[in-house]
Amino acid sequence: MKATLVGSRELAPEVRNFVFEVSAVDELQFKPGQFVSFEETLGGKKITRAYSIASRPNGNRFELCLNLVQDGAFSPHLFTMQPGDSLEMLPPLGFFTVRNPAKDALFIATGTGIAPFRSMVPDYLNHPEAKQLTLLFGARYENGRYYADEFEALANRSSNFRFWPTLSRPEPSWKGRSGHVQIHLLEAIGDRRDLDVYICGLKAMVDDVRGILKALGFDRKQIIFEKYD
Ligand SMILES: Cc1cc2nc3c(=O)[nH]c(=O)nc-3n(C[C@H](O)[C@H](O)[C@H](O)COP(=O)(O)OP(=O)(O)OC[C@H]3O[C@@H](n4cnc5c(N)ncnc54)[C@H](O)[C@@H]3O)c2cc1C
């Protein structure tokens, strides 16, 4: 199927929210947390890259949160796209989806790893059995807290949702949490060992957090993760 760019907006330098439309279908079917794959021939080579859907199911439109990887093979191409441009897309796939919305859960993201959680967290909270959720989101700087306004608004109106952004390189004016997500993990978990933990981002963070959780006694089945590299 073809995905056509409807528009995009800057979230931070070299990070944008993109809106795409799939005109061949009325409804793009997917579960929050799944990804689409784009396929293009660039410089004579066929390249495929996966991107987590950053919006809830909404007709034939979907959103992505994309980081420009300088010298990357594919992401620079996405950043040159103009509204009306299209590219080949494989339908949504993936197992990084909510396992049991009746369980308390912790979501951990860094950078564009927040993308699937912008779809999963509101969906989870909408479930009639939804319990206590915490989203721990690591960024370097304050402007790296993509979608913070939305998550803060969600936390203000949902007594069962906590939004904990943390900055690894905060400016002196920052009054919130600082340091990597790993530092705040124990506080987020407390003495609970029955939570499901969803982790998304680059391999180094995901593996580190998984190691900590395993050492604390979490079962593999409680640790659900998506690695971007
Ligand atoms: C299931 C899945 C979902 C993904 N979802 C997203 C998403 O929602 N948004 C997104 O921007 N990327 C996402 N990615 C990463 C994406 O597929 C590409 O790897 C990324 O766009 C870089 O591709 P490239 O060809 O430009 O770089 P390449 O030439 O492939 O270079 C790869 C380099 O880019 C680094 N890298 C990969 N992803 C990122 C990133 N997001 N931020 C910083 N560095 C990165 C890798 O560590 C590696 O050093 C996802 C990957 C997977 C497997």
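Structure's up top.
Residues numbered from 1 in each chain as written. Predicted model: local features only at pLDDT ≥ 70, side-chain atom pairs only at ≥ 80, totals over all residues. Heavy atoms only, no water.

(A) Up close: the layout of surface pockets. Computed from the structure, the largest pocket encloses a volume of approximately 1300 Å³. Here the element with the most residues in the lining of the largest pocket is strand β4 (residues 45–52); it accounts for 4 residues. Among the residues forming the lining of the largest pocket, the class breakdown is 20 nonpolar, 16 polar and 7 charged. In this structure, the second largest pocket spans a volume of roughly 220 Å³. In this structure, the second largest pocket is lined by A54, S55, R56, R118, P122, L125, N126, E150, F151, L154 and R157. Elements with a contribution of two residues or more to the lining of the second largest pocket: α2 (115–126) and α3 (148–157). Within the lining of the second largest pocket, the residues separate by chemical class into 5 nonpolar, 2 polar and 4 charged. (1 Å grid on protein atoms, 1.4 Å probe; cavity = no way out; pocket = protein on both sides within 12 Å on 5 of 7 lines; lining within 4 Å. Points joined across faces, edges and corners; volume = space filled by probe spheres on them. Helix = DSSP H or I, 4+ residues; strand = E, 2+ residues; numbered from the N terminus. Nonpolar A, V, L, I, M, F, W, Y, C, P; charged D, E, K, R; others polar.)

(B) Geometry of the pattern of salt bridges. Applying the stated criterion to the full structure yields 14 salt bridges. Across the pair E21 and R61 runs a salt bridge, and its minimum N-O distance is 2.9 Å. With a gap of 40 residues between them, E21 in strand β2 (residues 15–21) and R61 in strand β5 (residues 61–67) connect regions that are remote in the sequence. Through salt bridges with shared partners, one network takes in K203, D207, R210 and K227. (Salt bridge = Lys/Arg side-chain N within 4 Å of Asp/Glu carboxyl O.)

(C) Up close: the site of the ligand. R49, A50, Y51, F74 and S75 are the nearest of the 21 residues found near the ligand. In the model, a nitrogen atom of the ligand is placed 2.9 Å from a nitrogen or oxygen of the C65 main chain. Between the ligand and S75, the relevant distance is 2.7 Å, taken from an oxygen atom to a side-chain nitrogen or oxygen of the residue. Expressed as a share of its isolated accessible area of 870 Å², the protein-covered part of the ligand is 76%. Given that more than half its atoms are within 2 Å of the pocket grid, the ligand belongs to the largest pocket. At the level of elements, β4, β5, α1 (75–80) and β12 (223–227) are the ones that each hand at least two residues to the shell around the ligand. A per-element tally of the shell around the ligand places β4 first, with 4 residues. Grouping the amino acids of the shell around the ligand by side-chain chemistry returns 12 nonpolar, 5 polar and 4 charged. (Near = heavy atom within 4 Å. Polar contact = N/O pair within 3.5 Å; in protein donor to acceptor, adjacent residues only side chain to side chain. Areas by Shrake-Rupley, 256 points an atom, 1.4 Å probe, with all protein chains shown as cover. Sits in = over half its atoms within 2 Å of the grid points.)

(D) View of the pairing of strand β9 (residues 161–167). For β9, a buried count of 6 out of 7 residues is recorded, marking the element as mostly surrounded by other parts of the structure. Taken together, the 7 bridges between strand β8 (residues 133–139) and β9 define a ladder with parallel strand orientation. Considered in β9, the bridge of L133 is made with F161. With α3 bridging β8 and the parallel β9, this β-α-β connection has right-handed handedness. (Buried < 20%, exposed > 50% of the residue type's maximum accessible area, 1.4 Å probe, protein only. Pairing = 2+ DSSP bridges. Right-handed = clockwise from strand over helix to strand, strands pointing away.)

(E) The pairing of strand β11 (residues 196–201), seen in detail. For β11, the tally of buried residues reaches 6 of 6 residues, placing the bulk of the element in the interior. Covered by surrounding structure in β11 are D196, Y198 and C200 together with V197, I199 and G201, the residues of both alternating faces. As judged from the 5 bridges shared by strand β7 (residues 105–110) and β11, these two strands associate in the parallel manner. Across the sheet, F107 pairs through a bridge with Y198, a residue of β11. Judged from the 5 bridges that link them, β11 and β12 form a sheet pairing that is parallel. Bridged to G201 within β12 is K227.

(F) Quick peek at the sheet that holds strand β6 (residues 86–93). The sheet built from 6 strands is open, its strands ordered β4-β3-β6-β1-β2-β5 with antiparallel pairing. The sheet is open, and its two edges are formed by β4 and β5, each paired on a single side. The sheet shows a mean angle of 40 degrees between the axes of neighbouring strands, direction not considered. Pairing analysis gives 3 bridges linking strand β1 (residues 2–12) to β6, with the strands arranged antiparallel. Considered in β6, the bridge of T4 is made with S86. (Axes fitted to C-alpha atoms, helices over the stretch in contact; angles between N-to-C directions.)

(G) Representation of the packing of aromatic side chains. According to the stated counting rule, one finds 13 aromatic pairs in the structure shown. Relative to Y51, the ring of F38 lies with its centre 5.9 Å away and its plane at 40 degrees, an arrangement referred to as tilted. Here F38 is found in strand β3 (residues 35–42), whereas its partner Y51 is found in strand β4, with 13 residues between them in sequence. Taken together through their ring pairs, the aromatic side chains of F18, F20, F38, Y51, F62, F74 and F79 make up a single cluster. Directly above the ring of F225 sits R210, whose terminal nitrogen or CZ lies 4.0 Å from the centroid. (Phe/Tyr/Trp six-rings, centres within 6.5 Å; stacked < 30°, edge-to-face > 60°. Lys NZ or Arg CZ within 6 Å of the ring centre and 35° of its normal.)

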